[in-house]
Amino acid sequence: MGKNIVIGIDIGTSSIKTIVVEKEKGKTPRVLGVGEAASLGVRKGSVIDVAEVSEAAAASRREAEKSSGITIKHAYISLGGLGLSSLRQKGVVAASRADNEITEYDIKRVVEVCRSPVALLANKSVIDAHPLFFTVDGELVSQNPLGLVGTRLEAETMFTVGLTPHLNNLIKSMEGAKIAIDDVVASPFAASLAVLSKKHKEAGVALLNLGAMTASLAVFEENLPLSLEIFSIGSSHITNDIAVGFQLSMEEAEKLKCNFATEKARKAKLTDIIDARLFDIFELVEKHLKKIGRSRLLPAGIVITGGGANLTDLAEFSRRELQLPAQIGLPQNIHCDYSRFQDPKWSVAAGLCLYGFEDEKGYAAFPGIKGIKGAGNFLSRWLRAFLP
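Residues numbered from 1 in each chain as written. Predicted model: local features only at pLDDT ≥ 70, side-chain atom pairs only at ≥ 80, totals over all residues. Heavy atoms only, no water.

1. Quick notes on the overall build of the protein chain
So, point 1. Scanning the protein chain from N- to C-terminus turns up 12 helices and 16 strands.
So, point 2. For the protein chain, the C-alpha radius of gyration of 21 Å lies close to 21 Å, the compact-globule estimate for 388 residues.
So, point 3. With the C-alpha coordinates aligned to their principal axes, the bounding extent of the protein chain is approximately 80 × 45 × 45 Å.
So, point 4. Among the 388 residues that make up the protein chain, the fraction classed as buried is 54%.
So, point 5. Within the protein chain, residue pairs in contact and separated by at least 24 positions form 66% of the contacts whose partners lie at least 6 positions apart.
So, point 6. Approximately 16700 Å² of the protein chain is accessible, and the part contributed by carbon and sulfur atoms is 51%.
So, point 7. Within the protein chain, one finds 46 positive and 44 negative side-chain charges whose respective centroids are separated by 2 Å. (Helix = DSSP H or I, 4+ residues; strand = E, 2+ residues; numbered from the N terminus. Rg over C-alpha atoms; globule rule 2.2 N^0.38 Å. Buried < 20%, exposed > 50% of the residue type's maximum accessible area, 1.4 Å probe, protein only. Contact = heavy atoms within 4.5 Å. Areas by Shrake-Rupley, 256 points an atom, 1.4 Å probe, with all protein chains shown as cover. Lys, Arg positive; Asp, Glu negative; His and termini not counted. Charge placed at Lys NZ, Arg CZ, Asp CG, Glu CD.)

2. As for the sheet that holds strand β9 (residues 139-140)
So, point 1. Taken in spatial order, the four strands make up an open sheet running β7-β10-β8-β9, and their pairing is antiparallel. Edge positions in the sheet fall to β7 (85-94) and β9, since each of these pairs with one other strand and no more.
So, point 2. Where β7 and strand β10 (residues 152-163) come together, 10 bridges link them in antiparallel fashion. Looking at the pairing, Ser 86 lines up with Thr 160 of β10.
So, point 3. Against the sheet, helix α2 (residues 104-119) makes contact with β7, β8 (124-136) and β10, and its axis sits at roughly 130° relative to β7, the strand it touches most. (Pairing = 2+ DSSP bridges. Axes fitted to C-alpha atoms, helices over the stretch in contact; angles between N-to-C directions.)

3. So, the environment of Ser 318
So, point 1. Among the secondary structure elements, Ser 318 is positioned in helix α9 (residues 314-322).
So, point 2. Given a relative accessible area of 0%, Ser 318 falls into the buried group.
So, point 3. Distance in space between the C-alpha atoms of Ser 318 and Thr 151 is 48 Å, their sequence separation being 167 residues.
So, point 4. In contact with Ser 318, other than residues within four places in its own chain, are Phe 282, Ile 302, Ile 304, Gln 323 and Ala 326.

4. Some thoughts on the packing of helix α8 (residues 267-291) against α9
So, point 1. For the pair α8 and α9, interaxial distance at closest approach is 10 Å and the crossing angle is 50°. Between α8 and α9, the angle falls in the class oblique. Helix-helix and strand crossings are classified by hand; for α8 and α9 the assignment is right-handed. Here α8 contributes Asp 275, Leu 278, Phe 279, Phe 282, Val 285 and Glu 286 to the contact with α9, which in turn contributes Leu 314, Phe 317, Ser 318, Glu 321 and Leu 322.
So, point 2. Taken together, the residues of the contact of α8 with α9 break down into seven nonpolar, one polar and three charged. (Parallel < 35°, antiparallel > 145°, perpendicular 65-115°, else oblique. Left-handed = near helix turned anticlockwise from the far one by under 90°. Nonpolar A, V, L, I, M, F, W, Y, C, P; charged D, E, K, R; others polar.)

Below, the structure is given as structure tokens:
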């Protein structure tokens, strides 16, 4: 029985999480070990101190190595924070064959035409690409136009881009920790691989990844990403509000926030403080859903994940504010005996590993840095995503 091992490292604002996952042929991926270390060198999802992040990543790696018995030399790495954004671009090419049959080469060319203006943006790097739709001779076709006949192929592609300095700092941090990078994947899309099913993405769903200092909102429909938005607000802002409201240390405020369900004497005031900040977060979510025409129109609702998703009654609050079905998203399709892994804060790290298993086959669901730079790899991955 063949098996392989993939490591995912989530570079978060509050902590750096490492997960080692093994997959044997025909079996569910299994977690062999995990590691976590405080990430003092990260702010709002971006590396601001390379040396501190290198040290934290090395500490997280060592803990994962100890628990798994595996020596970690390379890993899939997440990129998140305010530097992430998405852009849509259109492109058009003429069919290359004399009989006008659309080939893989034509699809690659039209996506590269879409990418050209994005690649010229100052201080921006393409993280991944998602072809959204194609037209052949002006007629909208399926998501895969391969083999169709026509003289003119058009495409619209959504690109996720990150700030080049942030990406470079991330790469330097991993070099300092002596970890080779297999690929860099946008955090929201990594999380989606761990917590969303294909049915969710087909019907229409929003994924809210609630981190320490930022929250990312990714919306999917017809199994494709529709939009990506990053908000500069997270669960640490709730902790700050509690610290001020009750005149507590940050450590005491964090404990009070996490144990708020059992708190009796101060529960009314605590609820008011937490709800006030959650109103801010979900007001931003609702504003974005209105902007893209999906307010109250996502059949699969909203799935909330990330470390901030552990707040008591968060799903119910979301249902009430957004008028959508809501649930907390935990890592799925991965077997783990560690009780600490049953926590939404591990979603990005778990998704990186699931991405890695697909990547090693050559058709990861969302092609990352390596895939988009190597157009041939990117195309094969994208085409295979439509196979049953």
